[in-house]
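What the coordinates show
One letter stands for each residue in the lines below.
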Amino acid sequence: MILVTGGAGFIGSNFILDWLSQSNESVINLDKLTYAGNLQNLVTIADDKRHIFVKGDIGDSGQVARLMTEYQPRAIINFAAESHVDRSILGPEAFIQTNIVGTFRLLETAHAYWKTLNQADKHDFRFLHVSTDEVYGSLTEREPAFTEIHRYQPSSPYSASKASSDHLVNAYHRTFGLPTLITNCSNNYGPYQFPEKLIPLMITNALADKPLPIYGDGKQVRDWLYVSDHCSALRRVLEAGKTGETYNIGGWNEKPNIEIVHTVCALLKEMTGGPANGDYRDLITYVKDRPGHDTRYAIDARKIEHELDWKPRETFETGICKTVQWYLDNQDWVASVQTGAYRDWIESNYIQQRQ
Ligand code: NAD
Ligand code: DAU
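To keep things clear, this report deals only with the structure shown in the data block.

Procedures and definitions
- Residues numbered from 1 in each chain as written.
- Chains lettered and ligands numbered in written order.
- Predicted model: local features only at pLDDT ≥ 70, side-chain atom pairs only at ≥ 80, totals over all residues.
- Heavy atoms only, no water.
- Near = heavy atom within 4 Å.
- Polar contact = N/O pair within 3.5 Å; in protein donor to acceptor, adjacent residues only side chain to side chain.
- Nonpolar A, V, L, I, M, F, W, Y, C, P; charged D, E, K, R; others polar.
- Core = buried A, V, L, I, M, F, W, Y, C linked by side-chain atoms within 4.5 Å.
- Buried < 20%, exposed > 50% of the residue type's maximum accessible area, 1.4 Å probe, protein only.
- Contact = heavy atoms within 4.5 Å.
- Helix = DSSP H or I, 4+ residues; strand = E, 2+ residues; numbered from the N terminus.
- Pairing = 2+ DSSP bridges.
- Axes fitted to C-alpha atoms, helices over the stretch in contact; angles between N-to-C directions.
- Left-handed = near helix turned anticlockwise from the far one by under 90°.
- Expected span 1.5 Å × (residues − 1).
- Bend = angle between axes of the 7 residues up to and from the residue.
- Salt bridge = Lys/Arg side-chain N within 4 Å of Asp/Glu carboxyl O.

Our next topic: the site of ligand 2. Surveying the vicinity of ligand 2 reveals 24 residues, the closest of which are Asp133, Tyr158, Arg290, His293 and Tyr350. Between ligand 2 and Arg222, the relevant distance is 2.8 Å, taken from an oxygen atom to a side-chain nitrogen or oxygen of the residue. Between an oxygen atom of ligand 2 and a side-chain N or O atom of His293, the distance comes to 2.7 Å. Taken together, the residues that form the shell around ligand 2 break down as 10 nonpolar, 8 polar and 6 charged.

Quick look at the structure:
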């Protein structure tokens, strides 16, 4: 049995679906169901007894301790987080609470549980913390990609909170011997990504004939990885990663934002034949830049490739086709996650902030 936190979010739900398609080991899924958590992501395993969903907060030590005592997980994979940079700029408090205080409490609870295990189970236990390349800050055009020993220099409240949680995880390894692992991954895309992030926002806005908002000049570079490749890397790190170590995860796929948006527009045109008059690119609208916007992220993935023999399966070309097709095929899912709270977010981020 493994305990997954944040398993109703984008990457967590993909991870659980992948896990149960390849393993018979059960999963307890602890998720607070914030705006970003949707049980509809897991509807295909609704009757699968190997998936136990529990609504709760990683910061609720009593509830988490009870779950661990009852289910005795051999590993915790911590996806739970507030994950959107723009939201962290408009309201950082939730990021501090979940990403820092929540991770701290989860570490405390895991440590207390781990101490009760027998020697063999203690040795085999793993706490895998899912983190981000954003902790390393921004690269210039010519700087080499982030390695695992790159300095931490986060820019946003989101990345600062993730950096903080990484330090806490390392401290629990170094000070208490908790068998931890950290992964720092680049930008993910794929099915079930909440339509506030670049790729799903562009797809859903284009289909709704709404503006495609490009921050600043659109030349910022992100390094894209298809979500199932992130999931396979996490399984590999859990299986063979050395405790106390960090593994960067990425697919060597650097692209400027504007190129991503052009690709999405071209694919939509190809797949839908629309829009009736003109081109989806006509919807591109340059808007006020994100404050503190990082210029470039790039992951040096040689450590995980060489030490753990991991490689991504998708290219950007195959991954983006699957993604656009998924959003076309799942417009009911999109409509169902675009609640009143989501509409309030669009109002505060795009209408009030970016004029
Ligand atoms: P997401 O926002 O889609 O999902 C986060 C999930 O965590 C949601 O289901 C939410 O309900 C849950 N959650 C939030 N606060 C919680 C709490 N206090 N207790 C329990 N559950 C809580 O995020 P995502 O994009 O799936 O990212 C998952 C993890 O991967 C995050 O830690 C993020 O920092 C990291 N990451 C994301 C990316 C990316 O490109 N999306 C890249 C690298 C790393
Ligand atoms: O690098 C990993 C990180 O990737 C994760 O840790 C975060 O959880 C995840 O949200 C993502 O962060 P980004 O800020 O890079 O992703 P986002 O999709 O918000 O933005 C991608 C780029 O597109 C960024 O340069 C900002 C730009 N952008 C974004 C939005 C939402 C726009 O130009 N317009 C937009 O409307």
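As a rule of thumb, soluble globular proteins bury nonpolar side chains together. With 69 residues, the main nonpolar core has Phe15, Ile77 and Ile304 as its most contacted residues. Excluding residues that lie within four positions of it along the chain, Phe15 makes contacts with Ile2, Val4, Ile77, Phe79, Cys231, Leu234 and Arg235. Of all hydrophobic cores here, the second largest spans 22 residues; its members include Leu30, Val54, Ile58 and Ala80.

Among the 28 residues in the neighbourhood of ligand 1, the closest are listed as Ile11, Asp31, Ser83, Tyr158 and Lys162. Between ligand 1 and Phe79 there is a distance of 3.0 Å, counted from an oxygen atom to a backbone nitrogen or oxygen. With respect to ligand 1, the side chain of Lys162 contributes an N or O atom lying 2.7 Å from an oxygen atom. Among the secondary structure elements, those contributing two or more residues to the shell around ligand 1 are α1 (10-22), β5 (126-132), α6 (157-176) and β7 (187-189). Top contributing element to the shell around ligand 1 by residue count: β5, with 3 residues. The class makeup of the residues in the shell around ligand 1 is 12 nonpolar, 12 polar and 4 charged.

So, about the sheet that holds strand β3 (residues 51-55). The strand order across the open sheet built from 7 strands is β3-β2-β1-β4-β5-β6-β10, with neighbouring strands paired in parallel fashion. Two strands bound the open sheet, and with one partner strand each, they are β3 and β10 (246-249). In this sheet, adjacent strand axes meet at a mean angle of 20° when their direction is disregarded. Sheet analysis places strand β1 (residues 2-5) next to strand β4 (residues 75-78), joined by 4 bridges and oriented parallel. Bridge assignment links Thr5 to a residue of β4, and that residue is Asn78.

Attention now moves to the packing of helix α2 (residues 61-71) against helix α4 (residues 93-115). Packing of α2 against α4 leaves a shortest axis separation of 10 Å and a crossing angle of 35°. Taken as a pair, α2 and α4 cross one another with a handedness that is right-handed. Taking contact as the criterion, the partners of Ser61, Val64, Ala65 and Met68 in α2 are, on α4, Arg105, Leu106, Thr109, Ala110 and Tyr113. For the contact of α2 with α4, the class distribution of residues is 6 nonpolar, 2 polar and 1 charged.

The mixed open sheet is built from 3 strands, whose spatial order is β7-β9-β11. Both outer strands of the open sheet, β7 and β11 (254-256), are each paired with one neighbouring strand and no more. On average, each strand axis in the sheet is tilted by 50° relative to the strand beside it, whichever way the strands run. Alignment of strand β9 (residues 221-226) against β11, held across 3 bridges, turns out to be antiparallel. Within β11, the position partnered with Val221 by the bridge is Pro256. Along the sheet, helix α8 (residues 227-240) makes contact with β7 and β9, crossing β9 at roughly 70°.

This next bit is on α4. Taking 1.5 Å per residue, 23 residues should reach 33 Å; α4 reaches 32 Å between its end C-alpha atoms and fits that length. In the structure, α4 departs most strongly from a straight axis at Gly102, where the bend amounts to approximately 30°.

Taken as a whole and assessed by the stated rule, the structure comprises 15 salt bridges. In this structure, Arg235 and Asp18 form a salt bridge, with 3.8 Å as the shortest nitrogen-oxygen distance. You can see Arg235 sitting in helix α8 and its partner Asp18 sitting in helix α1, a full 217 residues away along the chain. Each of the two residues, Arg235 as well as Asp18, counts as buried. For the salt bridge of Arg50 with Asp48, the shortest nitrogen-to-oxygen distance reads 2.7 Å. Judged by relative accessible area, which is 18%, Asp48 ranks as buried.

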